[in-house]
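Structure assessment
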Amino acid sequence: MNSAKDLAADIRRSRQSATAALNEYLQVIDASEDDVHAFNLVDREVAIETAGKIDEIVDSGRDPGPLAGVPVALKDNLCTRGLATTCSSKILEGWEPPYDATVVQRLRAAGAVIVGKTNLDEFAMGSSTEHSAFGPTRNPHDLTRVPGGSSGGSAAAVAAGFTPIALGSDTGGSIRQPAALCGVVGVKPTYGLVSRYGLVAFASSFDQIGPLANNVADAALVLETIGGHDPLDSTSIPSPMPSLSDNLDRGVEGMRVGLVSELLEGIDEDVVTRVHEVADALTTGGAIVESVSVPAVEYGLTAYYLIAPAEASSNLARYDGVRYGMRAEGSDVAAMNAATRRSGFGDEVVARIMLGTFALSAGYYDAYYGKAQKVRTLTRRDFDVAYANHDVLLSPTSPSVAFKFGERSDPMTMYRCDTCTIPSNLVGDPAISVPFGTGNHGLPVGVQIMAPQLEEARMFQAASFIESQAPPRSAS
Ligand code: GLN
């Protein structure tokens, strides 16, 4: 059972029970979760109870909603009422949010069954899920390799068949990069399309929640469910969610696609080959594909790694040993605060807080943070120029296929994983990663389609076509 859409349709028409479907997924979890470690927590009892309620609703002749009985996994930085939310950090130990994130509420209202909370790099800082305080998640395609990150648990959960749908968060690529490495679809929506209410903040001007799924249609259905205005998030766009599912089969005839030349540099050859195959497939489908330059993306990584830590250093100031989670002993409040933060945060989080604090310090602000913001504006301008003649842009999602544990232990090598994904976060545009065949070691390759703000429908249309042209898994 791979399609969430079909599963929901079957459950709504009483062709299958939500309870039976959930049990099938729980069996898959039981069989391989010890190997994969996608979850921080599986909420088995409540999931079974929820599935039972969905079945009762169907039996009584009512409609549970478009995601009726669909098992869903949630990245463990999304607040779930009364259910531990850890951000894979020791510092949140024992904390249970008093409310559900808006996306969680919307999933529940659409009939979804929340199965559990997935592993991530601590506070979503990382590209491999190696920075989790609870141990890494392993890539279901090769257990000696990373699933990507930071939403590695969510991507692995979908790839392993634990749930057909998962939610992740994407600040610099954390939905799309693990989706690419695990061979699933991952979407970073337009900034403001999906409410951030109840998403634990990392870098607020970048953070977006989005779906991971087995196919483009399921990702569209989930985004339609979770998107749209929410008064509880001041950055939420005050307009209704546009329809995405209607456009999927329209093909790419006449669509103008720009292949971003800067994002083909420094990329492994196996990945570049697949991107060129996608360009060829789009051309055969009637699209006009040409190379396009977006010069400022070359500075994207540098700008992101100043702005994101700057915002993080401010957002993470709230973990003081008083308001949330764990508390270490100290002789006075300041000592308690310092001891809590020193023992509660992992090394990568500490490094980001220091980097961010430094970048914002008096005397350095103009040199670093101010300059990075200028790069952000430049990037916006360069994208606008590219979109004047192109409907969507094409690039790799990740510079390589999944790598081995420990292989990228120096931060710069790890940060480079985000080269292709960060530009969309800097400007707030939507982007999707679609699996397209395999590369080195027979591992999945993902290609990225980017679109202007609120042009998700067009982006999904291109993605759906690419998916239809992807080589069959066994033959690739
Ligand atoms: N890998 C990037 C980082 O470490 C992006 C993380 C994210 O998107 N949450 O910051």
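First, a word on what this report is: a plain description of the structure on this page. (Residues numbered from 1 in each chain as written. Predicted model: local features only at pLDDT ≥ 70, side-chain atom pairs only at ≥ 80, totals over all residues. Heavy atoms only, no water.)

1. Observations regarding the overall build of the protein
- Secondary structure summary: the protein contains 15 helices and 11 strands in total.
- In terms of overall dimensions, the protein is globule-like: its C-alpha atoms have a radius of gyration of 21 Å, near the 23 Å expected for 476 residues.
- With the C-alpha coordinates of the protein rotated into their principal frame, the extents come out at 65 × 55 × 45 Å.
- The 476 residues of the protein split such that 61% are buried. (Helix = DSSP H or I, 4+ residues; strand = E, 2+ residues; numbered from the N terminus. Rg over C-alpha atoms; globule rule 2.2 N^0.38 Å. Buried < 20%, exposed > 50% of the residue type's maximum accessible area, 1.4 Å probe, protein only.)

2. A closer look at the packing of aromatic side chains
- Applying the stated criterion across every chain, the model contains 15 aromatic pairs.
- Relative to F162, the ring of F39 has its centre 6.2 Å away and its plane inclined at 25°; by these criteria the two rings are stacked. Of the two residues, F39 sits in strand β1 (residues 39-42) while F162 sits in the loop between α5 (152-159) and β4 (165-170), which places them 123 residues apart along the sequence.
- Take F162: its relative accessible area is 0%, and that puts it in the buried class. (Phe/Tyr/Trp six-rings, centres within 6.5 Å; stacked < 30°, edge-to-face > 60°.)

3. Considering the nonpolar core
- Core analysis: the largest hydrophobic core is formed by 152 residues, its most contacted members being L107, F123, L394 and F460.
- At 9 residues, helix α9 (residues 300-315) tops the list of elements feeding residues into this core. (Core = buried A, V, L, I, M, F, W, Y, C linked by side-chain atoms within 4.5 Å.)

4. Side note on the site of the ligand
- Around the ligand lies a shell of 15 residues, among which T171, G172, S174, Y304 and R352 are the nearest.
- Separating an oxygen atom of the ligand from a backbone N or O atom of G126 is a distance of 2.8 Å.
- In the environment of the ligand, an oxygen atom lies 2.7 Å from a nitrogen or oxygen atom belonging to the backbone of T171.
- Taken together, the residues of the shell around the ligand sort by class into 5 nonpolar, 7 polar and 3 charged. (Near = heavy atom within 4 Å. Polar contact = N/O pair within 3.5 Å; in protein donor to acceptor, adjacent residues only side chain to side chain. Nonpolar A, V, L, I, M, F, W, Y, C, P; charged D, E, K, R; others polar.)

5. What to know about the pattern of salt bridges
- Counted under the stated rule, the structure contains 16 salt bridges.
- Among the salt bridges present, the one from R380 reaches D384, with a minimum N-O distance of 3.0 Å. With R380 and D384 both in helix α12 (residues 366-389) and 4 residues apart, this pair spans about one turn of that helix.
- By sharing partners, the salt bridges in this structure join R380, D384 and D429 into a single network. (Salt bridge = Lys/Arg side-chain N within 4 Å of Asp/Glu carboxyl O.)

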